[in-house]
Structure formats: C-alpha cells, structure tokens
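Coordinates in review
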Amino acid sequence: MPQSQTTETATRAIRLREASRAKGGSGSGARAARFIAGRIAGLVATLFAASLVVFFSRFVVPGDPARFLLRGRSPSPEAIAEVTKQYGLDKPPVEQYLNWVGGVLHGDFGRSLQYRDAVSNVLLDRLPVTLQLVALSAIFITVLGLAAGILASLRRGRFTDRAILISSTALGAIPSFVIAILLIAIFAVQLGWFPSFGSGDPGVDRFGHLVLPALALGLAFVALIARVTRSSMNEQFVREHVEVATSRGLTKPSVVLRHVLRNAISPILLVSGVLVAGLLVSSSIVEQTFGLSGIGSLLVQSVDRLDFPVVQAIVMIVVIAFVTVNTIVDLLQPLIDPRIAAGTETR
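Described below are features of the structure shown in this document. Because the structure is a prediction, the values reported are computed rather than measured.

Take the overall build of the protein chain next. Secondary structure summary: the protein chain contains 13 helices and zero strands in total. Listing each helix as α and each strand as β along the protein chain from the N terminus yields α-α-α-α-α-α-α-α-α-α-α-α-α. Counting only residues that meet the buried cut, the protein chain has 37% of its 347 residues in that class. Sequence separation of 24 or more characterises 73% of the internal contacts of the protein chain that already satisfy a separation of 6 or more. Of the accessible surface of the protein chain, which amounts to about 19400 Å², a share of 64% is contributed by carbon and sulfur atoms.

What follows is the structure, encoded as structure tokens:
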C-alpha cells in the first residue's frame, strides 16, 4: 500500500475515534443534565405537595384560631368576626393558601397568634440554638459512626466486631429521652462535667450546654451509621477489584482507603443525609428534656396553644431542609460513582 494511502487511512481512523469520543462525551453530558433536572424537578414537586399538606391540615385540626386569640374573654360574634377578618381567616381556603405560599416565598410566614409578632422574628430567635445542636450532633454521628463501622469491618468476626454490633443494636433500641436522662444522671449530676439545663450564652458556654443534648440526639443515629458502614465495607472486601489490589501487594491502609471505603461511601452518604435531615424532627424531645429554647420546643408549645402559623412555618422549614439535603446527597453521589448518573450501576 502506498504511503499516501496509509497516511490517509490513519488520519481517517483518528477522526473516527475523535468523533466517537465527542459523541460519547455529549451523551454522557446529556445523561448528567437529565439526572440533575430530574432531581430538581422532584424537589420542586415534593415541596409543592408538602406545602398543600402543611397548609390544609389546619382545617382538619379542632380549634378556632379566632377564639384562641380572644381566650380568657367571652367574645361576641362581632369580636370574632373582626379578628377573623384581621387575620384573613374569612377568605376562601384556596385564596388563603395562595397568600400563604406567596408570603413564604418572600420569607413571610405570617403572624404568630401567641406572640403577636411576625413568625420569622419568632423563629430567628430560636433557630440558632437548634442549628448548633443539629450541627454538633451531626459531627458526633459522622465521626463516631464511621469510626465504629470501620473498626467493626476491619475486625469482622472477632470480639470487637461482635461488641460493636451488640452495642449499636442496644443504642438503636433506646429512645432519645431515655438516653438524655442517663446522660444527665451520669455526666451532669454525678460527675458534674456538663450543665443539664438551658442553652447557655453564645460561645464556649453554649458548646458546653449542647454537648449532652447533641449526644442524646445522635447516639441512636451513630448506631445506624456504624451498622451501615460495616455492612457496606464488608460487601466491598469480597469484590474482585479489592482482591486484585491485595494480591498486587498494596498495603492494607491503601486498600481500605482507595478501594474499600471509597466504593462503600455511597450508601453511607445516602443514609447520613437522611439522618442529619431527620435530626430537626427529633430535636423537639431533646430540647424539651434539656430546656433548650430551640424550634423543636417551640413546635411543641405552638401545637399545644394552637398557634397555627408557627406550626406551619416550622413544619415547612423541616420539610424544606429534609428534601433539600436529600437532593444534595443525590446530586453528590454521581461525583463519587458516575455509573449512578449513567444508569449503569451494577453490583
């Protein structure tokens, strides 16, 4: 074959390979875009459905907000009608919902029936304590849960593994308020290491007041993260790529970090995202037990006193946080394992 024809054939082959790569890259980008768009559309649809449930559930709960505002009196029909009109309770439910959603989109959750103040102001006074509690608890869950799970997996079948399994099962079965009482009795009453009541002043004092509540809130979740980590790592240890890496003489820390933990992190991340978002829901019991002035204790008080705007705002914030965190976790997973976005994940 002449040299010119050989060169032309080679050039044509290179162009075909480049076109194939470009097409594959374009297809991969389109799949990733569809994946992200689907998750965002799911986020919007979930929030819309949640807003409907949160708002219209007020109409099935017994109790009249107008009579609550006039409690301690013998209200006349005229007084009830005036209060009803003042708070927009005389409008059709659909119009009330549209007004409420429009306000929420602008950060306006209405006025509290109990505090006679904007709901956003009431929440801003309480929200920092809850966010700090959840953040500290999330740190405990991540560090302790991963450490216990990794240790159990590395010592699988031995005494350490069995001890961690038994301990995690026991912790997962104990309610958070029971754990709170035990922590108070041991570390606050007997040892005197930490305070047992109140939120403390911002700074180091606040941290000291939140250690026991954060542990009480997170220990049951630590047990679950430990079990998920152990199970996911044990599954990776028997995979072919791990056996090949071990046979090539790689050190055990390198095999664990690069081939086991890296591939096992996806289910751990997914469960962690769900649990951390769920901490906002679980915080109410712990806040009540330790006397913390957060949104969890505010929710309990508002339900008891029929303060519907505050209840709706807190529930909606919890739903937004829960759905957003889980969507972020879903979007992060393809960065860890691109097969998820491509729809080719295999076991």
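This is not the end of the story, as more comes after the structure.
Before going further, it helps to examine the packing of helix H6 (residues 159-173) against helix H8 (residues 204-237). Relative orientation of the contacting elements H6 and H8 amounts to 140°, with a least axis distance of 8 Å. One element, H6, and the other, H8, form an angle in the oblique class. Here the hand of the crossing between H6 and H8 comes out left-handed. Judged by residue contacts, Asp161, Leu165, Ser168, Thr169, Leu171 and Gly172 of H6 engage Leu219, Ala220, Ala223, Arg227 and Arg230 from H8. Residues of the contact of H6 with H8, tallied by class, amount to five nonpolar, three polar and three charged.

Further remarks concern the side chain of His209. Take His209: it is sitting in helix H8. For His209, the side chain forms a polar contact with the main-chain oxygen of Asp205, separated by 2.9 Å.

Quick look at the nonpolar core now. In terms of nonpolar packing, the biggest core is built from 46 residues, with Trp100, Leu123, Leu279, Phe290 and Ile314 touching the most fellow members. For this core, the elements supplying multiple residues, two or more each, are helix H1 (3-56), helix H4 (93-105), helix H5 (119-154), helix H7 (176-190), H8, helix H10 (252-290), helix H11 (295-304) and helix H12 (308-336). Counting residues per element, this core draws most heavily on H8, at eleven residues. The contact partners of Phe290, leaving out residues within four places of it in the chain, are Ala180, Ile184, Ser196, Phe197, Gly198, Leu212, Pro213 and Ala216. Formed by seven residues, the second largest nonpolar core is a distinct cluster that contains Met233, Val256, Val260 and Leu261.

Next up on the list: the pattern of salt bridges. According to the stated counting rule, one finds one salt bridge in the structure shown. Taking the shortest distance from any N to any O, the salt bridge between Arg230 and Asp161 comes out at 2.6 Å. Remark: Asp161 occurs in helix H6 and Arg230 occurs in helix H8; sequence separation between them is 69 residues. Residues Arg230 and Asp161 agree in their burial class; the two are buried.

This part covers the packing of aromatic side chains. Summed over the entire model, instances satisfying the criterion amount to five aromatic pairs. With 5.2 Å between their ring centres and 90° between their planes, Phe55 and Phe56 make a pair best called edge-to-face. Judged by relative accessible area, which is 2%, Phe55 ranks as buried. Feature note: the residues Phe55, Phe56, Tyr97 and Trp100 constitute an aromatic cluster, connected by ring pairs.

Its 34 residues place the ends of H8 only 42 Å apart at the C-alpha level, less than the 50 Å of an ideal helix rising 1.5 Å per residue. Its axis deflected by about 40° at Gly218, H8 carries its strongest bend there. In terms of burial, H8 is a largely internal element, 26 of the 34 residues being buried.

Okay, the environment of Pro202 next. Of note, Pro202 is situated in the loop between H7 and H8. On a C-alpha basis, the gap between Pro202 and Val129 in space is 9.3 Å, while along the polypeptide they are 73 residues apart.

All right, on to the packing of H5 against H11 then. Orientation of H5 relative to H11, taken along the N-to-C sense of each, is 130°, at an axis distance of 8 Å. In this view, H5 runs oblique relative to H11, as classed from their interaxial angle. In this structure, H5 uses Val122, Leu123, Arg126, Leu127 and Thr130 to contact H11, whose residues at the interface are Ile295, Gly296, Ser297, Leu298 and Gln301. Tallied by class, the residues present in the contact of H5 with H11 amount to five nonpolar, four polar and one charged.

Attention now moves to the side chain of Arg126. In this structure, Arg126 sits in helix H5. Of the side chains bearing the opposite charge, Glu287 lies closest to the buried Arg126, which forms no salt bridge; the N-O distance is 6.2 Å. With residues up to four places along the chain from it excluded, the contact list for Arg126 reads Tyr115, Ser293, Gly294, Ile295, Ser297, Leu298 and Gln301.

What follows deals with the environment of Leu270. Counting through the fold element by element, Leu270 comes out in helix H10. Put simply, Leu270 and Val329 are 59 residues apart on the chain and 6.1 Å apart in space, counted from C-alpha to C-alpha.

Criteria and cut-off values
Residues numbered from 1 in each chain as written. Predicted model: local features only at pLDDT ≥ 70, side-chain atom pairs only at ≥ 80, totals over all residues. Heavy atoms only, no water. Helix = DSSP H or I, 4+ residues; strand = E, 2+ residues; numbered from the N terminus. Buried < 20%, exposed > 50% of the residue type's maximum accessible area, 1.4 Å probe, protein only. Contact = heavy atoms within 4.5 Å. Areas by Shrake-Rupley, 256 points an atom, 1.4 Å probe, with all protein chains shown as cover. Axes fitted to C-alpha atoms, helices over the stretch in contact; angles between N-to-C directions. Parallel < 35°, antiparallel > 145°, perpendicular 65-115°, else oblique. Left-handed = near helix turned anticlockwise from the far one by under 90°. Nonpolar A, V, L, I, M, F, W, Y, C, P; charged D, E, K, R; others polar. Polar contact = N/O pair within 3.5 Å; in protein donor to acceptor, adjacent residues only side chain to side chain. Core = buried A, V, L, I, M, F, W, Y, C linked by side-chain atoms within 4.5 Å. Salt bridge = Lys/Arg side-chain N within 4 Å of Asp/Glu carboxyl O. Phe/Tyr/Trp six-rings, centres within 6.5 Å; stacked < 30°, edge-to-face > 60°. Expected span 1.5 Å × (residues − 1). Bend = angle between axes of the 7 residues up to and from the residue. Lys, Arg positive; Asp, Glu negative; His and termini not counted.

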